[in-house]
Amino acid sequence: MKKVLKWVLLAVLVVVVIAGGFAAYIAMSGMPTYDTQKINLKVEATPERVAHGRDLAMSLCAACHLNQNTGVLSGTQMLDMPEAFGTAYSKNITQHPTKGIGKWTDGDIAWLLRTGIHPHTGSYVPPWMIKLPRMSDEDLYSIIAWLRSDDPLLAPSAADNVPSEPTFLAKMLVHMVFKPYDYPSKPIPQPDTTNTTQYGKYLVTAVYDCYGCHLNDFADQDANDPEKSKGYCAGGNAMKDAAGNTVHSANITPDKATGIGSWSRDEFVQTMKSGITPKGHVMRFPMGRMTKLSDHALGSMYDYLHTIPAISHAVERAAPTGPWKSQGEKLFDKYACSTCHSKTGKGHANLLAANSKYPADSVLYDVIRNPLRYNPDSYMPHFGTTIPDADLAVLAQHVRTLCNK
Ligand code: HEC
Ligand code: HEC
Ligand code: HEC
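The shown structure was predicted, so the numbers you read here are calculated from the model rather than taken from an experiment.

Each value, and the rule that gives it
- Residues numbered from 1 in each chain as written.
- Chains lettered and ligands numbered in written order.
- Predicted model: local features only at pLDDT ≥ 70, side-chain atom pairs only at ≥ 80, totals over all residues.
- Heavy atoms only, no water.
- Domains from an automatic or database assignment.
- Buried area = accessible area lost by both parts, 1.4 Å probe.
- Helix = DSSP H or I, 4+ residues; strand = E, 2+ residues; numbered from the N terminus.
- Nonpolar A, V, L, I, M, F, W, Y, C, P; charged D, E, K, R; others polar.
- Near = heavy atom within 4 Å.
- Polar contact = N/O pair within 3.5 Å; in protein donor to acceptor, adjacent residues only side chain to side chain.
- Core = buried A, V, L, I, M, F, W, Y, C linked by side-chain atoms within 4.5 Å.
- Buried < 20%, exposed > 50% of the residue type's maximum accessible area, 1.4 Å probe, protein only.
- Contact = heavy atoms within 4.5 Å.
- Salt bridge = Lys/Arg side-chain N within 4 Å of Asp/Glu carboxyl O.
- Donors = N, O, S within 2.8 Å, 3.2 Å for Na, K, Ca; no water.
- Tetrahedral: all angles 85-135°; square planar, octahedral: opposite > 155°, others 65-115°.
- Phe/Tyr/Trp six-rings, centres within 6.5 Å; stacked < 30°, edge-to-face > 60°.

A. Focus on the domain arrangement of the protein. Each assigned domain of the protein is listed here: domain 1 (1–30), domain 2 (47–176), domain 3 (196–305) and domain 4 (327–404). A straight line from the C-alpha centre of domain 2 to that of domain 3 covers 23 Å. Together, the buried faces of domain 2 and domain 3 total about 1,200 Å²; carbon and sulfur atoms form 53% of this surface. With six residues, helix H2 (residues 47–60) is the single largest residue contributor to the side of domain 2 that touches domain 3. Its residues placed into classes, the side of domain 2 that touches domain 3 shows seven nonpolar, two polar and six charged.

Here it is as structure tokens:
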């Protein structure tokens, strides 16, 4: 054998052994671990902070941590997790001293939310849990103040945490692509809320993580400088709704043809508040509407989004296809009810108590058209009269059928 070839073969062998060893290491290990640091922090829980923290948490934490059976933030399965990544469960973050986070210090919570490293085990908290490295100190303290409050959603629950089972692929990505953030070395001030483009940028990139979902792929994120992410805000990312269908994030750059360039400021604000776009489309899961934000905050996002580069990128919006067993089932898909409630009525949001809670049809009609009157924390769209009377009756009947199953 030629000497060169021998060396090449040897090199290949070494690479294979190292890669194989690395793969075995990843397969056997859990999440990577990092050093942790004790943060000395005591948040003063003023009523303003608790109220503001609740609004933030309702938009940022509740959808992932609310358990339909306990009615509190005791953790639940992440139904929208792609199969290739395995199964994942969020955790019990109620005030239970051992099952929840009742014994965590304010510093522990701040450390986890800032860095993505578990304060007690050092384990990296996977990419499907939010991280807030750029949020202002004041907003972060408000969330912490709320987590410590007597809100019924946080009442101690002894529900056990269910271990997640990430696949090899998920673990490999977490080992190789995703890294924790440094704990901020300087205070992060509140942005100037009178400068709407600056405030809007803060909301889009540092608080609500709009940009992370509105890329073509989560892996395109430039975690340290969001605006440098490939295809910034141009959408296309494929996600799963509660019915198991794929929903692609929309293009929210100011491109006139494929983005939101032709929307007026008021149309944008109304879309975010109602969950229905100017074209009459329901914003399906995981988007939902954002009722806890003020018109000023929403308008600021609009102002900011109109300063970023317009990118021409048409995102397909697939319409649901049958077969349907009944007209009710068909309308339940047409109005995107199934994207949140799943076809059974119990997906990310559970409507199976509707029969006992709303025995009168007239009330059930109103629940479907004006959900906020009945549950001020709901992200269900404000359908109003976008559902004609005839369809409303069929939908309500379908809801009753689901409840009776
Ligand atoms: C996209 C879904 C998602 C969102 C949004 C989310 N979480 Fe989580 N959270 C998770 C998952 C999943 C885990 C479990 C991660 C793991 O397996 O280690 C978790 C873990 C945690 C833990 C660790 C608890 C423990 O005992 O280890 C805390 C605390 C927490 N979340 C608080 C929050 C707060 C506060 C917010 C809002 C600012 C929030 N989460 C938003 C999904 C989410
Ligand atoms: C968890 C991922 C996720 C986050 C976070 C998110 N979005 Fe979305 N957004 C989506 C998806 C998916 C769609 C498409 C929904 C559909 O097609 O029904 C969407 C749709 C939209 C639309 C409708 C556009 C159109 O043309 O129909 C707007 C506007 C929008 N998002 C703005 C925002 C803003 C502003 C934020 C931050 C406050 C945000 N989104 C946060 C996933 C997300
Ligand atoms: C973007 C997500 C989303 C969409 C789309 C949606 N819902 Fe909902 N819905 C929710 C949430 C969240 C709740 C509150 C659940 C709770 O209280 O636990 C809710 C609550 C309800 C309730 C009341 C349940 C109760 O116990 O009070 C009914 C009835 C209902 N939805 C019917 C519908 C119908 C019919 C459609 C379609 C026309 C629809 N929903 C579309 C998210 C959605």
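Read on, since the account is not over.
B. Region of interest: the site of ligand 3. Close to ligand 3 lie 22 residues, the nearest being Cys-337, Cys-340, His-341, Tyr-358 and Met-380. His-341 is positioned such that a nitrogen or oxygen atom in its side chain is 2.8 Å from a nitrogen atom of ligand 3. Lys-357 places a side-chain nitrogen or oxygen 2.8 Å from an oxygen atom of ligand 3. For the shell around ligand 3, the elements supplying multiple residues, two or more each, are helix H12 (337–341), helix H14 (361–369) and helix H15 (389–404).

C. Representation of the nonpolar core within the structure. One finds Tyr-208 and Leu-305 to be the most contacted residues of the largest nonpolar core, which totals 59 residues. Of all elements in the fold, only H2, helix H4 (106–115), helix H5 (137–147), helix H7 (196–207), helix H8 (210–213), helix H9 (265–274) and helix H10 (295–305) reach the threshold of two or more residues within this core. Residue-level mapping places this core at the junction of two domains, with at least three residues from each of domain 2 (47–176) and domain 3 (196–305). Those residues in contact with Tyr-208 that sit more than four places away from it in its chain are Leu-56, Ser-59, Leu-60, Leu-203, Met-290, Leu-293 and Met-301. Within the second largest apolar cluster, 21 residues are counted, among which are Val-282, Ala-336, Leu-351 and Ile-368.

D. Local environment of the site of ligand 2. The environment of ligand 2 is made up of 23 residues, and the closest members are Cys-210, Cys-213, His-214, Arg-284 and Met-287. Side-chain polar atom of Arg-284 to an oxygen atom of ligand 2: 2.7 Å apart, as the coordinates give it. Here an oxygen atom of ligand 2 sits 3.0 Å away from a polar atom, N or O, in the side chain of Arg-317. Taken together, the residues of the shell around ligand 2 sort by class into 16 nonpolar, four polar and three charged.

E. The pattern of salt bridges, seen in detail. Counted by the stated rule, this structure contains 17 salt bridges. Close ionic contact of Asp-377 with Arg-54 constitutes a salt bridge, the shortest N to O distance being 2.9 Å. Taken as a pair, Asp-377 in the loop between H14 and H15 and Arg-54 in helix H2 lie far apart in primary sequence, 323 residues in all. Lys-99 is paired through a salt bridge with Asp-160; the nearest N and O atoms lie 2.5 Å apart. In this pair, Lys-99 is assigned in the loop between strand S1 (86–87) and H4 and Asp-160 in the loop between H5 and strand S2 (165–166), connecting sequence segments 61 residues apart.

F. Representation of the coordination of the iron atom of ligand 1 within the structure. Ligation of the iron atom of ligand 1 by protein atoms is provided by His-65 (NE2) and Met-129 (SD), these donors lying 2.1 to 2.2 Å from the ion. In this structure, the iron atom of ligand 1 is surrounded by six donor atoms whose angles at the metal cover 80 to 179 degrees, and the resulting shape is octahedral. You can see His-65 sitting in helix H3 (residues 62–65) and its partner Met-129 sitting in the loop between H4 and H5, a full 64 residues away along the chain. In this structure, His-65 and Met-129 share a single accessibility class: buried.

G. Seen up close, the coordination of the iron atom of ligand 2. Protein-derived coordination of the iron atom of ligand 2 comes from His-214 (NE2) and Met-287 (SD), at a distance range of 2.0 to 2.2 Å. Taken together, the six donor atoms surrounding the iron atom of ligand 2 define angles of 86 to 180 degrees at the centre, an arrangement classified as octahedral. You can see His-214 sitting in the loop between H8 and strand S3 (238–240) and its partner Met-287 sitting in the loop between H9 and H10, a full 73 residues away along the chain. You can call Met-287 partly exposed: its relative accessible area is 32%.

H. Structural view of the packing of aromatic side chains. In this structure the tally under the stated criterion is eight aromatic pairs. An angle of 75 degrees between the planes, with centres 6.4 Å apart, marks the rings of Tyr-34 and Tyr-124 as edge-to-face. With Tyr-34 in the loop between helix H1 (3–28) and H2 and Tyr-124 in the loop between H4 and H5, the pair connects residues that are 90 residues apart, well separated along the chain. Ring geometry for Tyr-211 and Tyr-232: centres 6.1 Å apart, planes at 40 degrees, overall tilted. Of this pair, Tyr-211 sits in helix H8 while Tyr-232 sits in the loop between H8 and S3; the two residues are 21 residues apart in sequence, bridging distant segments of the chain. Grouping residues by exposure puts Tyr-211 and Tyr-232 together as buried. Put simply, the rings of Trp-263, Phe-268 and Tyr-302 pair up and form one aromatic cluster.

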